[in-house]
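# Structural characterization, general
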Amino acid sequence: MAKKEFQAESKRLLEMMINSIYTQREIFLRELISNASDAIDKIYYKALTDEQLVFDKDNYYIEVVADKDNRTLTIRDTGIGMTQEDLENNLGVIAKSGSLAFKKDNASQDGHDIIGQFGVGFYSAFMVADVVTVISKALGSDSAFKWESTGADGYTIVPCEKDTVGTEVILKIKPNTEDDSYDEYLESYRLKTIIKKYSDFIRYPIKLEEETVNSLIPIWRKNKNELTTEDYEKFYTEKHYGFDTPVKHIHLSAEGAVRYQSILFIPGSVPFDFYTKEFEKGLELYSNGVLIMNKCADLLPDYFGFVKGMVDSEDLSLNISRELLQHDRQLKLIAKNIKNKIKSQLLSLLKDEREKYEQFYNAFGRQLKYGVYSDYGMNKDDLQDLLLFYSSKEKKLVSLDEYVARMPEEQKYIYYASGESNERIEKLPQTELVADKGYEILYFTDDIDEFAVKVLMNHKEKEFRSVSSGDLGIEAEESADEKSSETAVENDALFAAMKELLADKVSGVKASKRLRSHPVCLSTEGELTIEMEKILSAMPNNPDVKAEKVLEINVNHAVFQSLKSAYENDKEKLNLYTSLLYNQALLIEGLPIQDPVQFTNDMCKVMV
Ligand code: ADP
Ligand code: MG
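Just so you know, these numbers come straight off a predicted model, no measurement behind them.

### Some remarks on the overall build of the chain
- Looking only at helices and strands, the chain features 21 helices and 22 strands.
- Going through the 608 residues of the chain one by one, you find that 50% of them count as buried.
- Contacts spanning at least 24 positions in sequence make up 70% of the contacts within the chain whose residues lie at least 6 apart.
- Carbon together with sulfur atoms contributes 48% to the accessible area of the chain, which is approximately 30100 Å² in total.

### Looking at a nonpolar patch on the surface
- Together, Tyr44, Tyr45 and Leu48 make up a nonpolar patch on the protein surface, roughly 330 Å² of accessible area in all.
- By the element assignment, Tyr44 lies in helix 2 (residues 27-49).

### Considering the packing of aromatic side chains
- Per the counting criterion, the structure on display carries 33 aromatic pairs.
- Each ring, one from Phe274 and one from Tyr275, has its centre 4.8 Å from the other, and the planes form 80 degrees; the classification is edge-to-face.
- Look at Phe274 and you get buried, because its relative accessible area is 6%.
- Between Phe274 and Phe364 the ring centres are 5.2 Å apart and the planes differ by 80 degrees, which places this aromatic pair in the edge-to-face class. Here Phe364 lies in helix 10 (residues 354-373) and Phe274 lies in the loop between strand 10 (260-266) and strand 11 (283-287), a separation of 90 residues in the sequence. The pair Phe274 / Phe364 is uniform in exposure class, with both members buried.
- Connected via pairs of aromatic rings, a cluster forms that spans Phe274, Tyr275, Phe279, Tyr303, Phe304, Phe306, Tyr357, Phe360, Tyr361 and Phe364.
- A cation over a ring is seen here: Arg366 above Tyr275, with NZ or CZ 4.7 Å from the ring centre.
- Just above the ring of Tyr413 sits the side chain of Arg465; from NZ or CZ to the centre is 4.1 Å.

### Thoughts on the pattern of salt bridges
- This model, assessed by the stated rule, comprises 39 salt bridges.
- For Arg406, the salt bridge identified is with Glu394, shortest N-O distance 3.8 Å. Residue Arg406 is found in helix 12 (residues 400-406), and its partner Glu394 is found in the loop between strand 14 (388-391) and strand 15 (397-399); the two are separated by 12 residues along the sequence.
- Salt-bridge contacts for Lys460 lead to Asp401; the nearest nitrogen and oxygen are separated by 2.6 Å.

### Regarding the side chain of Glu450
- Its place among the elements puts Glu450 in helix 15 (residues 447-456).
- Although buried, Glu450 forms no salt bridge, and the nearest oppositely charged side chain, Lys454, lies 5.2 Å from it.
- Within the local environment of Glu450, its side chain forms a polar contact with the side chain of Tyr416, the two groups lying 3.3 Å apart.
- What Glu450 contacts, discounting residues up to four positions off in sequence, is Tyr416, Ser418, Phe444, Thr529, Glu531 and Met532.

### A short note on the sheet that holds strand 16 (residues 414-418)
- Read from one edge of the open sheet, six strands run 15-14-17-16-19-18, paired in mixed fashion. Strand pairing shows two members of the sheet lacking a second neighbour, strand 15 and strand 18 (458-459), which therefore form its edges.
- Judged from the three bridges that link them, strand 16 and strand 19 (residues 462-466) form a sheet pairing that is parallel. Across the sheet, residue Tyr415 finds its bridge partner in strand 19, namely Arg465.
- Lying on the sheet, helix 10 is in contact with strand 14 and strand 15; it crosses strand 15 at an angle near 75 degrees.
- Here helix 15 sits on the sheet and contacts strand 14, strand 16, strand 17 (441-444), strand 18 and strand 19; the angle it forms with strand 16, its principal contact strand, is near 155 degrees.

### Some thoughts on the sheet that holds strand 11
- Taking strand neighbours across the sheet as the criterion, the five strands line up as 9-10-13-11-12 in an open arrangement whose pairing is mixed. Each edge of the open sheet is held by one strand with a lone partner, namely strand 9 (248-254) and strand 12 (290-296). Each neighbouring strand pair of the sheet contributes to a mean axis angle of 15 degrees, computed without reference to strand direction.
- Examined bridge by bridge, strand 11 and strand 13 (residues 308-313) share four bridges and lie parallel to one another.

### Focus: the environment of Arg406
- Take Arg406: its relative accessible area is 37%, and that puts it in the partly exposed class.
- Along the sequence, Arg406 and Tyr439 sit 33 residues apart, while their C-alpha atoms lie 9.5 Å from each other.
- Not counting residues up to four positions away in its chain, the partners in contact with Arg406 are Glu394, Val398 and Glu440.
- There is a polar contact of 2.9 Å between the side chain of Arg406 and the side chain of Glu440.

### Things to note about the nonpolar core
- Ranked by internal contacts, the top residues of the largest apolar core, which has 71 residues, are Leu299, Phe304, Ile338, Tyr357, Phe360, Leu368 and Tyr415.
- With eight residues, helix 9 (residues 329-352) is the largest single contributor of residues to this core.
- When residues no more than four places from it in sequence are discounted, the contact partners of Phe304 are Lys339, Ile342, Lys343, Leu346, Leu368, Leu383 and Leu386.
- Counting 64 residues, the second largest nonpolar core, distinct from the first, contains Phe55, Val134, Val169 and Val290.

Conventions we followed
- Residues numbered from 1 in each chain as written.
- Chains lettered and ligands numbered in written order.
- Predicted model: local features only at pLDDT ≥ 70, side-chain atom pairs only at ≥ 80, totals over all residues.
- Heavy atoms only, no water.
- Helix = DSSP H or I, 4+ residues; strand = E, 2+ residues; numbered from the N terminus.
- Buried < 20%, exposed > 50% of the residue type's maximum accessible area, 1.4 Å probe, protein only.
- Contact = heavy atoms within 4.5 Å.
- Areas by Shrake-Rupley, 256 points an atom, 1.4 Å probe, with all protein chains shown as cover.
- Patch = residues over 30% accessible without salt bridge, like charges linked within 9 Å, V, L, I, M, F, W, Y side chains within 5 Å.
- Salt bridge = Lys/Arg side-chain N within 4 Å of Asp/Glu carboxyl O.
- Phe/Tyr/Trp six-rings, centres within 6.5 Å; stacked < 30°, edge-to-face > 60°.
- Lys NZ or Arg CZ within 6 Å of the ring centre and 35° of its normal.
- Lys, Arg positive; Asp, Glu negative; His and termini not counted.
- Polar contact = N/O pair within 3.5 Å; in protein donor to acceptor, adjacent residues only side chain to side chain.
- Pairing = 2+ DSSP bridges.
- Axes fitted to C-alpha atoms, helices over the stretch in contact; angles between N-to-C directions.
- Core = buried A, V, L, I, M, F, W, Y, C linked by side-chain atoms within 4.5 Å.

By themselves, these are just geometric observations and shouldn't be taken as functional.
So, in structure tokens, the structure goes:
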């Protein structure tokens, strides 16, 4: 009996597999069980067209048997079996597509993490076995054959005895080494866990010690109408998607250009690690009921990264590497469909189940706003209808559609005010004019809010406008100017003097058009607002950007008279008042005061 060499490529793959350190050795069992299931499928499909052949479900199963004394693990199936030729062709050389993928991966990686993403099928048996023996009898054949290999140095094929049609793969499990223990692959509890993890939804029974371990029909293949919310929630918990109760499940079953089933969940609360670097988005990916990837990131856009769940497709190959997967057309199609579904389901949640939507939004709204902002606003159209902001008028979260629908005809802009909390924004002097006009103001309390609307620019053709911005587009604001040109000129001299005292701390001092009862506030000119300046200067790289601030004085406030008389009679006093008012404006904005000690001393000067 002559020993045959593996084909060169197969040999290289084998060597690589045996000599590398794998993170997921356990997947060998998934591969062998998948092969067994494929072999039973083949009989099943044959029976569909072959009248001689009856497919009696009870006769088809997969059996896993561990023998500790002999250190063997056997995977037995009642599938279609292999002839001598099949053994030669199928196990002597790896599949073409597989070898191609291997070459591709092997060029760029150090072999460290390959198995996890790269189904190498049958050969993975050598990760845990010194000797692999395959005894097989093909359907319609009288004789059986035994294929055997100890790894890279080749294989033998000899005739042997086997009563029934099917295949037995016998692994001689490796002895333990100093670094690695292989004993676990002979322990039934461990085998059961591995089967459950990867092969739970194989269509044929997988028996271990007489017991069927797998669930057979996966929930995603079942009819939606037969399933209750509890069923989906149970699945969510069993799969360890989260400890919470999801606010919504989405069950998809697509036929057509790409066939797939999917169950998706919108979680009800934020996972503890969600806003950290450690969080990994992704969906479980199955190929025809077999888990091929735990977190397939390519299936979800970042802004929907909170979605949990799985996708199963018959159109994806088990033997696919992560690199190839990224370029897989089918996968891209699935990802696009899923994205659209999530969006439409969130919109209907917003429309029909407001309370649940708000629960969701409180947990993940930031992620959506971040999505608007990132990628140069590429996704804003997908996201702007999903945004909610707190409304000054409604005293609750409102959508942009709702805001725009309520706008009085003469209102030009969508107004917003930024600050630390709703309570603080409510007290901002800058909101006075807009609020007086009876216009609704959106409160921005998230760092990302203002940046997100800068990207949005408008909603339903209505521009966003900060209440602190120079131009509010409100008619009434002109009235202050019109009072009398004489006083205006007088005031200009006072403001110029104040501006000189403040130097480059502000770009101007002027009579406010927006203040009603408050004496003073800051507004900004240009794109950058004060809130944005705060956020940017808190960033690690700390870009030195400053908003162009304008000190606005309420000329109808009693304080203005004091300023005037100081300007006319006491320059020292004007300096004191200007500095006090400027610092007050900073405090209102939540900005730091350069010299707090000086400020408190100035206050005391006014008192005594
Ligand atoms: P793949 O399953 O992707 O084709 P594998 O390396 O897992 O690649 O298997 C190679 C081939 O060996 C299979 O395509 C199949 O033809 C054959 N084979 C493997 N295991 C079995 C089995 N249990 N019964 C019948 N054929 C098998
Ligand atoms: Mg296979």
